[in-house]
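In case you want the letters, here they are:
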Amino acid sequence: SGSGLFDVSAGSTRTITVKADMSDNLSTGLDIGVEIVSADDVVTGGDVTLSGTVAGELMRYVQVSDFGRAQITNVTPSGDTTVNPGTEGYSVWSFQIATSNQIQRLDRIKLSQAGSINNADIANLKLYEGGIQIGETMASLESDNTVTFDNLDFEIGKGLNKTLELRVDVVSGSTRNFRFMIQNVYDVDIYDTSYGAYIQPDNGGATEATWAVRYQG
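The paragraphs below set out a description of the structure included in this document.

Conventions and cut-offs
Just so you know, the residues in each chain are numbered from 1, in the order the chain's sequence is written. Local features in a predicted model are, by the rule used here, given only for residues with pLDDT of at least 70; side-chain atom pairs are given and counted only at 80 or more, and totals for whole chains, interfaces and linings are based on all residues. Processing note: side-chain calculations cover all non-hydrogen atoms of the structure and skip hydrogens and water entirely. For helices the rule is a DSSP run of H or I covering at least 4 residues; for strands it is a run of E covering at least 2, with both sets numbered from the N terminus onward. Each residue gets one of three labels from its accessible area relative to the maximum for its type: buried under 20%, exposed over 50%, partly exposed in between, using a 1.4 Å probe on protein chains only. Aromatic contacts are taken between Phe, Tyr and Trp rings whose centres are within 6.5 Å, Trp giving its six-membered ring; a plane angle under 30 degrees counts as stacked, one over 60 as edge-to-face, and the others as tilted. By the criterion adopted, a ring carries a charge over it if an Arg CZ or a Lys NZ lies within 6 Å of its centre and within 35 degrees of its normal. Polar contact is the term for a pair of N or O atoms within 3.5 Å; when the atoms are in protein, one must be able to donate a hydrogen and the other to accept it, and sequence-neighboring residues count only if both atoms are side-chain atoms. The contact criterion used is simple: two residues touch if any of their non-hydrogen atoms lie within 4.5 Å. Any two strands with at least two DSSP bridges between them are considered paired. In what follows, salt bridge is the name for a side-chain nitrogen of Lys or Arg lying within 4 Å of a carboxyl oxygen of Asp or Glu.

Quick look at unusual backbone geometry now. The phi torsion at Asn101 lies on the positive side, around 80 degrees, for a residue other than glycine. On the secondary structure map, Asn101 appears in the loop between strand S7 (87-100) and strand S8 (104-113). When its relative accessible area of 27% is taken as the criterion, Asn101 is described as partly exposed. Even without a glycine there, the phi angle at Asn124 is positive, about 50 degrees.

Following the criterion strictly, the structure yields four aromatic pairs and no others. Here Trp93 and Phe95 contribute two aromatic rings whose centre-to-centre distance is 4.6 Å and whose plane-to-plane angle is 40 degrees, an arrangement assigned as tilted. Comparing Trp93 with Phe95, the two get one shared label, buried. Measuring from centroid to centroid gives 6.2 Å for Phe178 and Phe180, while their planes differ by 70 degrees, and the two rings are edge-to-face. Accessibility assignment for this pair places Phe178 and Phe180 in one class, buried. Across from the ring centre of Tyr128, 3.8 Å away, lies the NZ or CZ of Arg167, which sits over that ring.

Looking now at the side chain of Gln102. Residue position: Gln102 is located in the loop between S7 and S8. Overall, Gln102 belongs to the buried group, its relative accessible area being 11%. A polar contact is formed between the side chain of Gln102 and the backbone oxygen of Asp66, at a distance of 3.0 Å. Beyond its immediate chain neighbours, meaning those up to four positions away, Gln102 contacts Asp66, Phe67, Gly68, Ile156, Lys158, Asp192, Ser194 and Tyr195.

Bridging between S7 and strand S13 (residues 161-170) involves nine bridges; their strand directions are antiparallel. The residue bridging Gln96 from the neighbouring strand is Thr163, located in S13. Sheet analysis places strand S9 (residues 122-129) next to S13, joined by six bridges and oriented antiparallel. Within the sheet, the bridge partner assigned to Leu127 lies in S13 and is Leu166.

For the structure shown, the criterion picks out five salt bridges. The salt bridge partner of Asp189 is Arg108, with a shortest N-O separation of 2.9 Å. Residue Asp189 is found in strand S16 (residues 188-192), and its partner Arg108 is found in strand S8; the two are separated by 81 residues along the sequence. Summarising the burial analysis for this pair, Asp189 and Arg108 share the class buried. One connected set of salt bridges, linked through shared partners, spans Arg105, Asp107 and Asp153.

A word on the environment of Val188. Here Val188 shows up in strand S16. For the pair Val188 and Gln200, spaced twelve residues apart in the sequence, the C-alpha separation amounts to 8.2 Å. In this structure Val188 touches Ile72, Leu106, Arg108, Ile109, Ile182 and Pro201, once residues within four positions along its chain are discounted.

Okay, here's the thing in structure tokens:
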């Protein structure tokens, strides 16, 4: 990117995490690691020096038959509908996470909004399970039309299904529409608590229908 990946203010630090999806066809016994070999590999607006070896741990790929699995599917709505502006705490989407093999933990989920509304048309986004809020209330959508619920620490037992519900305040947006979805598989962090590793969930059609915001007379 011409504007860079991120900024590091003077006197501050940033922790960078490298993630990758493992191929199903890797052979057991292969080692995987990431390293910054040279200061020339880091392009910044200032000087770069490497303090010692800048590398992560080597990790060995091992195939197991009971690694945690999770599938995400749409629950509601099943068709297009409408909502009046000024409606608070409105349930705009529910989706189910079904797990198998191991106890798993949902740490983070990023939802994307696709529609014609402006970001200011929706406020106070909340995630619920069983009528109980999990995670923090997010005041608004980000500039890229997404909302991220982080540090959830939400456990899903082995072989259980959990339905998560997104509620929002529909502030305005008459004649416009919106819909939420999980756009990318890496937008969900689900952790296998037995093997101590993140899994790749199966997004089995976790996109819902469109909500149209109608005029309130």
